[in-house]
Amino acid sequence: MNQFEKRAAMALASIFSLRMLGLFMIYPVFTFYSKQLTGSTPILVGLALGAYGLTQALLQIPLGFASDRFGRKHIIAGGLVILAIGSVVAALSTSIYGVIFGRILQGSGAVGSTILALNADLTREETRTKAMAMIGISIGLAFAVAMVLGPLISGWVGVPGIFWFTALLSLLGLFVLYGATPEPKAARSHRDAEAVPALFKRVLTNGELLRLDFAIFILHTILTASFIVLPRLLHNVGGVHEDYQWVVYLPVLAVSVALMLPVIIVAEAKRQMKPVFVGSIAALLVSQVILTFYHASLAELIVMMVVFFTAFNVMEATLPSLISKVAPADAKGTALGVYSSAQFFGIFVGGAIGGWTYSVGGYAGVFGFCALAALVWLFVAATMPKPRFARTFMVHVGDVDDDAARRLAGEIEAIDGVFEAVVVPEDGVAYIKYDGKVVGTEAFEPFSTHAAATAS
């Protein structure tokens, strides 16, 4: 990556993480604060926790399309302002209904897809994967930091202070957007990073992709539902005051990340993706089953939290990789857009059902629901075919008509180790999926009109 691209990637990763940090920080503290809100019930608390996921799921792809017409930065700026307004509404609300409305507004600033589109505008194809990885890492770090900062800030200024802090982070995002993010030369559609309307049918009828969409939906359903009861358990059973629960989350998350890394290495380097995938679901299931029946001590809670977050982190890291491996060569951006919407919808469903199950069954009701969801997921995952270890490569082929595009695709697919090749005439790009252990990227260079090509 050159200096321009590094600057762009760092700026966009900062904007993304600033947004998500504020949204995540209430997870470990909101159940305690909700007791102060007029009209609060377990069901409404769950809705408040997950409400932003519904508007995120519904709006992020349409706003991505809107950015093609009205400009990336305009849409991102509007989303950050809406996030700030929603945060202020939630901060000033004294009823659970006001907080739910504020959370819905927060989610309406759904500019994740637009940020990725701007990232594609600002990076060359050969460096885009690295830039997207930087954004992905920033989101993971934002979640970990939020689990620590949430209780700390709540202890200083209360949960309304967290909402005010989120509004401030949104405004800081505006400063980064206009003060540190470069201007793209032009905005255009990028099939590797954006959703394309014409490709939705292919993505939504692909059984393997739907299986992965279901996976991220269930994963975040379980995560959000769990946070309706985990903070209460740490307080009521473990004796950890709400303001000091970061002392538990920090080492738990650190240990889970340390355990995750060798698992990911085995999955990718040893080509054991399916066993690792299914094994992680099984570990998550075990943690939920044990917590359903046994949650009587802090030590037990901590051990099960380590198991849960290790499995969660493995899935968070492997699922986007699987989407890239499974998606049609020219539909990666569309597949990732649908996948991301499924993730946010899972957040909403997890909050809604988690609140209801807590109201009727307490701790055991929530963990029992999560265990059942994980069991269904395990059966779905066990039947998945072994994923191909495909890499993607893009080659600029210049101006070609439809006949030349089909001929080029056939020539590329004839190379040993190539799974699929699609040449898109309007883009002047060949999208290739190949096995890196069978064929090297140098085999595709004769098809390129210049040196700009990328592997991921």
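Just above, that's the structure.
Values in this document were obtained by computation on a predicted structure and should not be read as measured data.

1. Observations concerning the overall build of the protein
Here comes step 1: A count of helical and extended segments in the protein gives 14 helices and four strands.
Here comes step 2: Here the C-alpha radius of gyration of the protein, 22 Å, is about what a compact globule of 456 residues would show, namely 23 Å.
Here comes step 3: Projected onto its principal axes, the C-alpha positions of the protein cover 65 × 45 × 35 Å.
Here comes step 4: Of all 456 residues assigned to the protein, the portion counted as buried reaches 59%.
Here comes step 5: Long-range contacts, defined as pairs at least 24 residues apart, comprise 83% of the intrachain contacts of the protein with a sequence gap of at least 6.
Here comes step 6: By element, 68% of the accessible surface of the protein is carried by carbon and sulfur atoms, the whole surface being about 17600 Å².
Here comes step 7: With 30 positive and 29 negative side-chain charges, the protein shows a separation of 5 Å between the mean positions of the two kinds.

2. Side note on unusual backbone geometry
Here comes step 1: For R271, which is not a glycine, the phi torsion comes out positive at approximately 55°.
Here comes step 2: With respect to the element layout, R271 can be found in the loop between helix 10 (246-269) and helix 11 (273-293).
Here comes step 3: Classification of R271 by relative accessible area gives partly exposed; the value is 23%.

3. Details of a nonpolar patch on the surface
Here comes step 1: A contiguous nonpolar surface patch, about 360 Å² in accessible area, is contributed by I43, I353, W356 and V360.
Here comes step 2: For the nonpolar patch, the leading source of residues is helix 13 (residues 332-382), giving three residues.
Here comes step 3: Along the polypeptide, W356 turns up in helix 13.
Here comes step 4: Looking at W356, the relative accessible area reads 47%, which means it is partly exposed.

4. Quick look at the packing of helix 12 (residues 298-326) against helix 13
Here comes step 1: Interhelical geometry of helix 12 versus helix 13 gives an angle of 145° and a closest axis separation of 11 Å. You can see that helix 12 and helix 13 cross each other, and the crossing is right-handed. For the pair formed by helix 12 and helix 13, the contact residues are M315, L319, P320, I323 and S324 on the first element and K332, A335, L336, Y339 and W377 on the second.
Here comes step 2: Among the residues forming the contact of helix 12 with helix 13, the class breakdown is eight nonpolar, one polar and one charged.

5. Let's talk about the pattern of salt bridges
Here comes step 1: Tallied over the entire structure, the rule returns 10 salt bridges.
Here comes step 2: Put simply, R191 and E426 hold a salt bridge, and the shortest N to O gap is 3.2 Å. Of this pair, R191 sits in the loop between helix 7 (125-179) and helix 8 (200-204) while E426 sits in the loop between strand 2 (418-424) and strand 3 (429-435); the two residues are 235 residues apart in sequence, bridging distant segments of the chain.
Here comes step 3: Relative accessible area serves as the criterion here: at 12%, R191 is assigned to the buried category.
Here comes step 4: We classify E426 as exposed; its relative accessible area is 60%.
Here comes step 5: The partner of R406 in a salt bridge is D403, and the shortest N-O contact between them spans 2.4 Å. One end of the pair is R406 and the other is D403, both in helix 14 (residues 402-413) and three residues apart, which spans about a single turn.
Here comes step 6: Through salt bridges that share partners, D68, R72, D121 and E194 make up one connected network.

Rules used in this analysis
- Residues numbered from 1 in each chain as written.
- Predicted model: local features only at pLDDT ≥ 70, side-chain atom pairs only at ≥ 80, totals over all residues.
- Heavy atoms only, no water.
- Helix = DSSP H or I, 4+ residues; strand = E, 2+ residues; numbered from the N terminus.
- Rg over C-alpha atoms; globule rule 2.2 N^0.38 Å.
- Buried < 20%, exposed > 50% of the residue type's maximum accessible area, 1.4 Å probe, protein only.
- Contact = heavy atoms within 4.5 Å.
- Areas by Shrake-Rupley, 256 points an atom, 1.4 Å probe, with all protein chains shown as cover.
- Lys, Arg positive; Asp, Glu negative; His and termini not counted.
- Charge placed at Lys NZ, Arg CZ, Asp CG, Glu CD.
- Patch = residues over 30% accessible without salt bridge, like charges linked within 9 Å, V, L, I, M, F, W, Y side chains within 5 Å.
- Salt bridge = Lys/Arg side-chain N within 4 Å of Asp/Glu carboxyl O.
- Axes fitted to C-alpha atoms, helices over the stretch in contact; angles between N-to-C directions.
- Left-handed = near helix turned anticlockwise from the far one by under 90°.
- Nonpolar A, V, L, I, M, F, W, Y, C, P; charged D, E, K, R; others polar.

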